[in-house]
Amino acid sequence: MGKLLPILLALIGLGVGGGAGFFLRPPPPEEELMSEEENHSESAPETKKDYEEDGELTFVKINNQFVIPVVEGKRVRSLVVLSISLETKPANTETIYNLEPKLRDAFLRAMFDHAYAGGFDGAFTASPTLDALRYALLESANHVVGDTITNVLITDIVRQDG
């Protein structure tokens, strides 16, 4: 038994090392990925990415998160952190990025109003509550850039109670 233990430990170590090497290997070169995509794209049905390439829609991620304080009385009761993206036509992305400071200001105003009205209280992730926030954000965005934004997507939302 004493002579088998070192051999057994060596075999286990070899197996664990081989498994770790397999799972932590670098990604394949780009040529292999491109050939796989070509083979896949010939038989695959259209996906959302195909629609984006056709120019029908694109998503513009607003840089940085929004932090909204929820005030109760004269103290901050909690903080809500939001990330959003905007759905628009590809031709409008540059305009949206150029107007991002104005958009951020308009979004913050809408979010502060939502917080003041109690929108971040209780079950703040309920569909009707988030729909009201999305509508307010969409109205704010279209007020800044015109009717070029078709949808506002809330990609992350979290509330930290203090």
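So, here is what we can say about the structure in this document. (Residues numbered from 1 in each chain as written. Predicted model: local features only at pLDDT ≥ 70, side-chain atom pairs only at ≥ 80, totals over all residues. Heavy atoms only, no water.)

As a further point, take the side chain of S140. Along the chain, S140 falls in helix α6 (residues 127-145). Leave out the neighbours within four places in its chain, and S140 touches A106, F107 and A110. (Helix = DSSP H or I, 4+ residues; strand = E, 2+ residues; numbered from the N terminus. Contact = heavy atoms within 4.5 Å.)

Time to look at a nonpolar patch on the surface. There is a patch of nonpolar side chains on the surface, built from L5, L8, L9 and I12 and spanning about 390 Å² of accessible area. Note that L9 resides in helix α1 (residues 4-23). (Patch = residues over 30% accessible without salt bridge, like charges linked within 9 Å, V, L, I, M, F, W, Y side chains within 5 Å. Areas by Shrake-Rupley, 256 points an atom, 1.4 Å probe, with all protein chains shown as cover. Salt bridge = Lys/Arg side-chain N within 4 Å of Asp/Glu carboxyl O.)

Now for the packing of aromatic side chains. Evaluation of the coordinates by the stated rule reveals 1 aromatic pair. An angle of 80 degrees between the planes, with centres 6.0 Å apart, marks the rings of F66 and F107 as edge-to-face. Placement of the pair is F66 in strand β2 (residues 66-72) and F107 in helix α5 (residues 100-116), with a sequence separation of 41 residues. Grouping residues by exposure puts F66 and F107 together as buried. The ring of F66 has R104 lying over it, and the distance from NZ or CZ to the ring centre is 4.2 Å. (Phe/Tyr/Trp six-rings, centres within 6.5 Å; stacked < 30°, edge-to-face > 60°. Buried < 20%, exposed > 50% of the residue type's maximum accessible area, 1.4 Å probe, protein only. Lys NZ or Arg CZ within 6 Å of the ring centre and 35° of its normal.)

Turning next to the environment of R159. The residue R159 is located in strand β4 (residues 149-161) in this model. R159 gets classed as partly exposed once you look at its relative accessible area, which sits at 24%. Residues R159 and L82 lie 77 residues apart in sequence; the distance between their C-alpha atoms is 8.9 Å. In contact with R159, other than residues within four places in its own chain, are S78, L79, V80, F120, D121, G122 and F124. In this structure the side chain of R159 is engaged in a polar contact, spanning 3.3 Å, whose partner is the backbone oxygen of G122. (Polar contact = N/O pair within 3.5 Å; in protein donor to acceptor, adjacent residues only side chain to side chain.)

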